[in-house]
Amino acid sequence: MATRATPPGLVRPLFDGPVDVVGDVHGEYGPLLELLDRLGYDATGNNKENRRLVFVGDLVDRGPDSPGVIRVVRRLIEAGKAQMVLGNHELNLLRGERKHGNHWFWGETESICKNQTRISYQETAPSEAWRRATLKFFSSLPLALERSDCRVVHACWKSSSIDNLRSFDGNPIDAYRFFEAEACRTISEAGLVEGDIRYDIMYQNQNPVRVVTSGLEFQSQAPFFSGGKWREVDRCRWWDNDTDDKITYEPNDPLCIIGHYWRRFPAHEEVPQELTKVSGPSLFPCVDPCSALGAGKNIMCVDWSVGIRYEERGNGCPMGGLGTALGALRLPEREVILHDGRKYNMN
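Because the structure is a prediction, the values reported are computed rather than measured.

### Observations regarding the overall build of the chain
Check the secondary structure of the chain and you find 9 helices and 13 strands. Expressed along its principal axes, the backbone C-alpha trace of the chain runs to roughly 55 × 45 × 45 Å. Within the chain, buried positions represent 53% of all 347 residues. The long-range fraction of contacts in the chain, counting pairs at least 24 apart against all pairs at least 6 apart in sequence, stands at 70%. Here the chain has roughly 15400 Å² of accessible surface; of this, 47% comes from carbon and sulfur atoms. One way to put it: in the chain the 42 positive side-chain charges average out to a point 3 Å from where the 48 negative ones average out.

Structure representation (structure tokens):
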């Protein structure tokens, strides 16, 4: 299949017309196919309403079939039927970083459930040639998409970070390394050393590639276990405009669609309460799972935690029992459609 030419740059134009913006997939191949079917797409990406797909990143890791998900999405992108921004999980693979849930890429099995007592089923990368081709595909993708009424980024739209990426000439991993070196110089000038929480926070927040793919971070009130390890630095609700970095996302700014942040629907009543606890502070206290965020209600997170379905399987819970789902936000309708057929209005 011939690859269609795409505009260069790390911040690119978002499709015109009606789009369906799909949340983090995390290797959940079955729910992805169900969702595409419910949205009205065939296997070639055609849609009778002439809609197109946009993926917010984190196609991979933790779920049972990351290679299958990549195959489907890559085919749609190369046919001109879909766009995608990189998430932090794709960035980890580009960096060659072994992280919780991504050992499948190197042909390795892994215990990823919290209790660490069982191996989760994960399809592994089929060959070294496939790994090289996948990394080449990821390195061709942008970090943000925009049009006059909408922006798409995996985790955080911070204007200064976007401006730095907009002016950078190179691919995502080139940008990561360039800005990492700049951040390390700033950290050194501040006299900080590894092991200092301030080092970790500055290392994260001074690199625009890290900011847009995994958000801004701050010191947590207490250590917590997440992603296979104990953490002292946590994600912050940048949409509330109360961070040290003083992000301001104005009420009249375009709708910004993000993933990354693990919102959930209510858990099933039969699921033991100890299994439903969120790791670390909740980023969505008392917020409806289909509610827009921010003072202007113009930021929407479309990650409904399908990436923890491995915990549902590992603990014998029904699928969706922890409040998980894969979904898409339809524009301009502002309607949420989940892979199981539920529909909600963004509110």
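### Let's talk about helix α2 (residues 66–78)
Look at α2: 18 Å from first C-alpha to last across 13 residues, which is about the 18 Å you get at 1.5 Å a residue. Burial runs high along α2: 10 of the 13 residues are buried. Within α2 the residues assigned to the buried category are S66, P67, G68, V69, I70, V72, V73, L76, I77 and E78. Packing partners of the buried residues in α2 comprise α1 (29–38), β3 (52–55), β4 (82–84) and α4 (128–139). Positive backbone phi, at 80°, marks G80, one or two positions downstream of α2.

### Regarding the packing of aromatic side chains
Inspection of the entire model under this criterion finds 15 aromatic pairs. Their ring planes at 40° and their centres at 5.7 Å tell us that F137 and F138 sit as a pair that is tilted. With respect to burial, F137 and F138 carry one shared label: buried. Feature note: the residues W238, W239, Y249, Y261 and F284 constitute an aromatic cluster, connected by ring pairs. The ring of F15 has R52 lying over it, and the distance from NZ or CZ to the ring centre is 3.9 Å. Of note, R98 hangs over the ring of W106, and the distance from its end group to the ring centre comes to 4.5 Å.

### Observations regarding the side chain of E312
Looking at where E312 falls in the secondary structure, it is placed in helix α9 (residues 309–314). For E312, a relative accessible area of 0% gives the class buried. The residues contacting E312, other than those within four sequence positions of it, are C317, P318, M319, G320, G321, L322, G323 and T324.

### Quick look at the nonpolar core
Counting residues in each nonpolar core, the largest one holds 69 residues, and the members touching the most others are F55, W238 and Y261. The element best represented in this core is α2, accounting for 6 residues. Formed by 24 residues, the second largest nonpolar core is a distinct cluster that contains V19, M300, V302 and L338.

### Focus: the pairing of strand β5 (residues 144–147)
Within a regular beta strand, the side chains point alternately toward one face of the sheet and then the other, so they alternate between its two faces. Here strand β1 (residues 11–13) pairs with β5 via 3 bridges, running parallel. Residue pairing for β5: P13 is matched across the bridge by E146. Where β5 meets strand β6 (residues 150–153), 4 bridges bridge the pair, whose relative direction is antiparallel. When the sheet's bridge partners are listed, E146 is paired in β6 with R151. Linking two consecutive strands that pair antiparallel, namely β5 and β6, is a turn of 2 residues.

### Examining the side chain of R151
Note that R151 resides in strand β6. There is no salt bridge for the buried R151, and the closest opposite charge comes from D253, which lies 4.3 Å off by N-O distance. With residues up to four places along the chain from it excluded, the contact list for R151 reads L145, E146, W157, Y249, D253, P254, L255, C256 and I257.

### Considerations on the sheet that holds β5
Ordered in space as β1-β5-β6-β9-β10, the 5 strands form an open sheet in which the pairing is mixed. Here the strands that pair on one side only, and so sit at the sheet edges, are β1 and β10 (299–301). Averaged over all neighbouring strand pairs, the angle between strand axes comes to 20°, with direction disregarded.

### Overview of the sheet that holds strand β2 (residues 19–22)
Read across the open sheet, the 6 strands follow the order β4-β3-β2-β11-β12-β13; overall the sheet is mixed. The open sheet terminates on both sides in strands that have one partner only, identified here as β4 and β13 (343–345). Put simply, the sheet's adjacent strands are angled 25° from each other on average, direction ignored. In this sheet, strand β12 (residues 335–338) lies alongside strand β11 (residues 327–331) in antiparallel orientation, the contact comprising 4 bridges. Considered in β12, the bridge of G327 is made with L338. The strands touched by α2 within the sheet are β3 and β4, with β4 carrying the most contacts at an inclination of about 115°.

Conventions and cut-offs
- Residues numbered from 1 in each chain as written.
- Predicted model: local features only at pLDDT ≥ 70, side-chain atom pairs only at ≥ 80, totals over all residues.
- Heavy atoms only, no water.
- Helix = DSSP H or I, 4+ residues; strand = E, 2+ residues; numbered from the N terminus.
- Buried < 20%, exposed > 50% of the residue type's maximum accessible area, 1.4 Å probe, protein only.
- Contact = heavy atoms within 4.5 Å.
- Areas by Shrake-Rupley, 256 points an atom, 1.4 Å probe, with all protein chains shown as cover.
- Lys, Arg positive; Asp, Glu negative; His and termini not counted.
- Charge placed at Lys NZ, Arg CZ, Asp CG, Glu CD.
- Expected span 1.5 Å × (residues − 1).
- Phe/Tyr/Trp six-rings, centres within 6.5 Å; stacked < 30°, edge-to-face > 60°.
- Lys NZ or Arg CZ within 6 Å of the ring centre and 35° of its normal.
- Core = buried A, V, L, I, M, F, W, Y, C linked by side-chain atoms within 4.5 Å.
- Pairing = 2+ DSSP bridges.
- Salt bridge = Lys/Arg side-chain N within 4 Å of Asp/Glu carboxyl O.
- Axes fitted to C-alpha atoms, helices over the stretch in contact; angles between N-to-C directions.

Scope: geometric values only; no functional claims are made or implied.
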